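# An overview of the molecular structure
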Amino acid sequence: MSIDEKAFVHDSALVESAVTIGADSKIWHDAHVRTRATIGARCVIGKGVFIDFDVVVGDDCKIQNYACVYHGVTLARGVFVGPHVVFTNDLRPRATNPDFGLLGDGDWEVGLTTVNSGAAIGANSTIVAGVNIGAWAMIGAGAVVTRDVAPYSLAIGNPARHHAWVCRCGRKVEDARCERCGDLPSDHPLYQ
Ligand SMILES: CC(C)(COP(=O)(O)OP(=O)(O)OC[C@H]1O[C@@H](n2cnc3c(N)ncnc32)[C@H](O)[C@@H]1OP(=O)(O)O)[C@@H](O)C(=O)NCCC(=O)NCCS
Ligand SMILES: [Zn+2]
């Protein structure tokens, strides 16, 4: 267990063994952090959030109330996860084997999902196992993400589709400019 002395863990949170939590992170009421999860510095883990075993959460992430981050998920730096977001990790789930026998560890395949730096996932979205969400992408509220999302893409709907390009600040980009920031960052697909 390595919980930085400058991290805050609310008394009602359940933090299992061998968890790492970085400096100035806050783990709020009723959150559950499973074994060997790693949470970076300056993160906010909201009320009732579930972080599964071996999940990696980078620095400066914000995970809102009741989001579920299951095994196989990696969040890079500065990722926003809205309230009630669910990451799935089993593409074809079953409770039992065909003969109703108990499933063992080898009976299901974990899909690996990555959310890259600065990306944001709107409230109540579902992220199907195995996708890659690009840096600074934005997922609209209630989306079902079934395919990779390009960096700086705003994807909405079920299934989530590219709808517009966004800036790092979250505003839409028109004519290769952000209405708030002006010029785009040089890694933006519309940078000229
Ligand atoms: C997607 C979003 C960023 C707005 O995008 P936008 O392109 O500026 O949206 P607009 O208001 O211009 O709407 C464009 C169209 O998309 C629709 N739309 C907007 N958000 C949508 C969503 N999440 N899912 C599906 N359709 C959506 C609008 O109804 C509109 O449709 P219409 O043209 O038929 O009227 C915003 O609606 C959203 O979902 N933000 C996430 C909020 C959130 O979850 N925050 C979490 C913390 S509380
Ligand atoms: Zn901007």
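This text follows the structure it describes.
From a predicted model like this one, the values you see are computed outputs, not experimental measurements.

### Things to note about the overall build of the protein
In terms of helices and strands, the protein carries zero helices and 25 strands. Its C-alpha atoms put the protein at 55 × 45 × 20 Å along the principal axes. Looking at the protein as a whole, 41% of its 192 residues qualify as buried. Pairs at least 24 apart in sequence give 15% of the contacts found in the protein among residues at least 6 apart. Entry remark: accessible area of the protein is about 10,000 Å², with carbon and sulfur atoms responsible for 50%. Within the protein, the 21 negative side-chain charges are centred at a point lying 7 Å from the centre of the 17 positive side-chain charges.

### As for the side chain of Ser-153
Note that Ser-153 resides in strand β22 (residues 153-156). Residue contacts for Ser-153: discarding those within four places in its chain leaves Ala-137, Met-138, His-162, Ala-164, Trp-165 and Val-166.

### Here's the deal with the coordination of the zinc ion (ligand 2)
All of the protein donors around the zinc ion (ligand 2) are Cys-167 (SG), Cys-169 (SG), Cys-178 (SG) and Cys-181 (SG); their distances to the metal are 2.2 to 2.4 Å. Geometry at the zinc ion (ligand 2) is tetrahedral, judged from its four donor atoms and the angles of 101 to 115° they form at the metal. Of note, the zinc ion (ligand 2) draws all its donor residues from one chain, in the sequence arrangement C-x1-C-x8-C-x2-C.

### Section: the sheet that holds strand β8 (residues 44-45)
Taken together, the nine strands give an open sheet; going across it, the order is β2-β5-β8-β11-β14-β17-β20-β22-β23, and neighbouring strands pair in mixed fashion. Pairing within the sheet leaves two strands with one partner each, and these edge strands are β2 (8-9) and β23 (161-165). Two elements, β2 and strand β5 (residues 26-27), share two bridges in a ladder whose sense is parallel. Each bridged residue has a counterpart across the sheet, and for Val-9 the counterpart in β5 is Ile-27.

### Here's the deal with the side chain of His-188
Within the secondary structure, His-188 is located in the segment after β25 (177-178). Judged by relative accessible area, which is 3%, His-188 ranks as buried. Of the polar contacts made by the side chain of His-188, one reaches the backbone oxygen of Val-166; its length is 2.8 Å. With near-sequence residues (within four places) excluded, His-188 lies in contact with Tyr-152, Trp-165, Val-166 and Val-173.

### Some thoughts on the pattern of salt bridges
Pairing between side chains of opposite charge can happen when the charged atoms of each approach one another. Under the counting rule described, the total for this entry stands at nine salt bridges. Two residues, Arg-36 and Asp-54, come together in a salt bridge whose shortest N-O distance is 2.7 Å. Remark: Asp-54 occurs in the loop between β9 (50-51) and β10 (56-57) and Arg-36 occurs in the loop between β6 (32-33) and β7 (38-39); sequence separation between them is 18 residues. Exposure remark for Asp-54: the relative accessible area of 31% places this residue in the partly exposed category. The partner of Asp-60 in a salt bridge is Arg-77, and the shortest N-O contact between them spans 2.8 Å. You can see Asp-60 sitting in the loop between β10 and β11 (62-63) and its partner Arg-77 sitting in the loop between β13 (73-75) and β14 (80-81), a full 17 residues away along the chain. Overall, Asp-60 belongs to the partly exposed group, its relative accessible area being 26%. When salt bridges with common partners are traced through the structure, they connect Arg-42, Asp-59, Asp-60 and Arg-77 into a single cluster.

So, how was this worked out
Residues numbered from 1 in each chain as written. Chains lettered and ligands numbered in written order. Predicted model: local features only at pLDDT ≥ 70, side-chain atom pairs only at ≥ 80, totals over all residues. Heavy atoms only, no water. Helix = DSSP H or I, 4+ residues; strand = E, 2+ residues; numbered from the N terminus. Buried < 20%, exposed > 50% of the residue type's maximum accessible area, 1.4 Å probe, protein only. Contact = heavy atoms within 4.5 Å. Areas by Shrake-Rupley, 256 points an atom, 1.4 Å probe, with all protein chains shown as cover. Lys, Arg positive; Asp, Glu negative; His and termini not counted. Charge placed at Lys NZ, Arg CZ, Asp CG, Glu CD. Donors = N, O, S within 2.8 Å, 3.2 Å for Na, K, Ca; no water. Tetrahedral: all angles 85-135°; square planar, octahedral: opposite > 155°, others 65-115°. Pairing = 2+ DSSP bridges. Polar contact = N/O pair within 3.5 Å; in protein donor to acceptor, adjacent residues only side chain to side chain. Salt bridge = Lys/Arg side-chain N within 4 Å of Asp/Glu carboxyl O.

Interpretation in functional terms is not warranted from these geometric data alone.
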